[in-house]
Amino acid sequence: SSLFCDCRRCRGGLSLGCKKYWCIGGGGKAGGLQCLTHFSVSVDGPPMIPSQYVSMSPKQPDKMGFGEIFLINLKRRSDRRERMLQSLYEQEISCEVLDAVDGRALNSSDIKKLGVDLLPGYYDPFSGRTLTKGEVGCFLSHFTVWKEVVKRQLNSALVLEDDVRFQGFFKQRLIRLMEEITEVKLDWDLIYLGRKQVNAEPEEPVEGVRNLVHASYSYWTLAYVISQQGAQKLLNAEPLSRMLPVDEFLPIMSDTHPNEQYKAHFVNRNLKVFSVQPLLVYPVCYADDPNWVSDTEISTIWNDDAVKTEWKGSQKTLRDFRNHMHHSEL
């Protein structure tokens, strides 16, 4: 949780360590630059319940101008669903819960019936293992979102996984970002709101849009905005018959993936991908946290129900200290 104090007027003092936090407040054109003091507080357990003696303004959740906001959640992870729904409600954000494909419940014959086949030559770059059933389920879940975007002809959609934490003023900052993108008529397909940048090279900023860069090779699909045009490009690639993890597929489609052999299987690699900087969303847990649990990393491999993958050292899910330090300096 975070506490934000407006420092424009003196109202007393707090004996807490703090840091400055620059943010666009108010959303849209009316929002001006405000200097706030940001107190980070770690909270365990359920959210605080307001006192009966406190008057609370009614919440008015909306979709922030998106055609839909999809929350991808496994039915068996009701704890994550409730936490995310509460978090979104507090920010006055409405969403549609999309039941994720549970890779753990799939067997090899189910996967083959879905037309899924492995991209020839794919192996995890860190462990050397092949695709897991959890990764198949994750890909199919995002694939379902892309189909919904095209089927319902949504101009854009916000996609959230169920294990994320939001940065301060997430809603206002994202609304402002999308307004600026519209104003400059940026041609975009996908915008990362949270990711792990793989390479250390600086990324080119987008002219006329604050806090937006051309995304280089990146991991994670925990939060992103996608356009109908972008969703159609991903579907047109017909990736199910040559599957690899979804966060490897997206860099292939934007032609930022370093593996030329993988890219050769997809001819039209013209996905226009950007990223917010600094990030607006981070994972709740990382692989180096004691309570980290992954529904994609730990399962059986995609075509053999007997071979388990208990390996937990994925570099993909470790903390990105570059972004972490950037975030801590805000």
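Residues numbered from 1 in each chain as written. Predicted model: local features only at pLDDT ≥ 70, side-chain atom pairs only at ≥ 80, totals over all residues. Heavy atoms only, no water.

(A) Highlighting the pairing of strand β4 (residues 68–73). Most of β4 is tucked away, with 6 of its 6 residues classed as buried. Here β4 shows two buried faces, one formed by Glu68, Phe70 and Ile72 and the other by Ile69, Leu71 and Asn73. Relative to strand β6 (residues 156–161), β4 runs parallel, the two sharing 5 bridges. In the sheet register, Leu71 faces β6, and the bridge partner there is Leu160. Examined bridge by bridge, β4 and strand β5 (residues 96–99) share 4 bridges and lie parallel to one another. Bridged to Asn73 within β5 is Asp99. Once you follow β4 into helix α1 (residues 78–90) and on to β5, the crossover reads as right-handed. (Buried < 20%, exposed > 50% of the residue type's maximum accessible area, 1.4 Å probe, protein only. Helix = DSSP H or I, 4+ residues; strand = E, 2+ residues; numbered from the N terminus. Pairing = 2+ DSSP bridges. Right-handed = clockwise from strand over helix to strand, strands pointing away.)

(B) The sheet that holds β5, seen in detail. The strand order across the open sheet formed by 7 strands is β5-β4-β6-β10-β8-β11-β9, and the pairing between neighbours is mixed. Only two strands of the sheet have a single partner each, and these edge strands are β5 and β9 (212–214). Across the sheet, the mean angle separating the axes of adjacent strands is 35 degrees when strand polarity is ignored. (Axes fitted to C-alpha atoms, helices over the stretch in contact; angles between N-to-C directions.)

(C) Geometry of the nonpolar core. In this structure, Trp146, Ile226 and Phe249 are the most contacted members of the largest nonpolar core, which totals 45 residues. Only β4, α3 (133–151), β6, β8 (190–197), β10 (218–227), α5 (228–236) and α6 (246–253) provide two or more residues apiece to this core. It is α3 that contributes the most residues to this core, 9 residues altogether. Setting aside residues up to four positions removed in sequence, Ile226 forms contacts with Trp146, Val149, Asn155, Ser156, Ala157, Val159, Trp188, Asp189, Leu190, Ala231 and Leu234. The next biggest cluster of nonpolar side chains, apart from the first, holds 34 residues, and it includes Met64, Leu160, Leu174 and Trp188. (Core = buried A, V, L, I, M, F, W, Y, C linked by side-chain atoms within 4.5 Å. Contact = heavy atoms within 4.5 Å.)

(D) Broad picture of the pattern of salt bridges. Per the stated rule, a full pass over the model turns up 21 salt bridges. Among the salt bridges present, the one from Lys63 reaches Glu68, with a minimum N-O distance of 3.2 Å. For Glu260, the salt bridge is made with Lys263, and the minimal N-O distance between the two is 3.2 Å. Placement of both Glu260 and Lys263 in helix α7 (residues 260–263) is noted, with a separation of 3 residues, approximately one turn of the helix. Residue Glu260 is classed as exposed on the basis of its relative accessible area, which comes to 53%. Note on Lys263: relative accessible area 6%, which makes it buried. Linked by salt bridges that have partners in common, Lys63, Glu68, Glu96, Glu148 and Arg152 make up one network. (Salt bridge = Lys/Arg side-chain N within 4 Å of Asp/Glu carboxyl O.)

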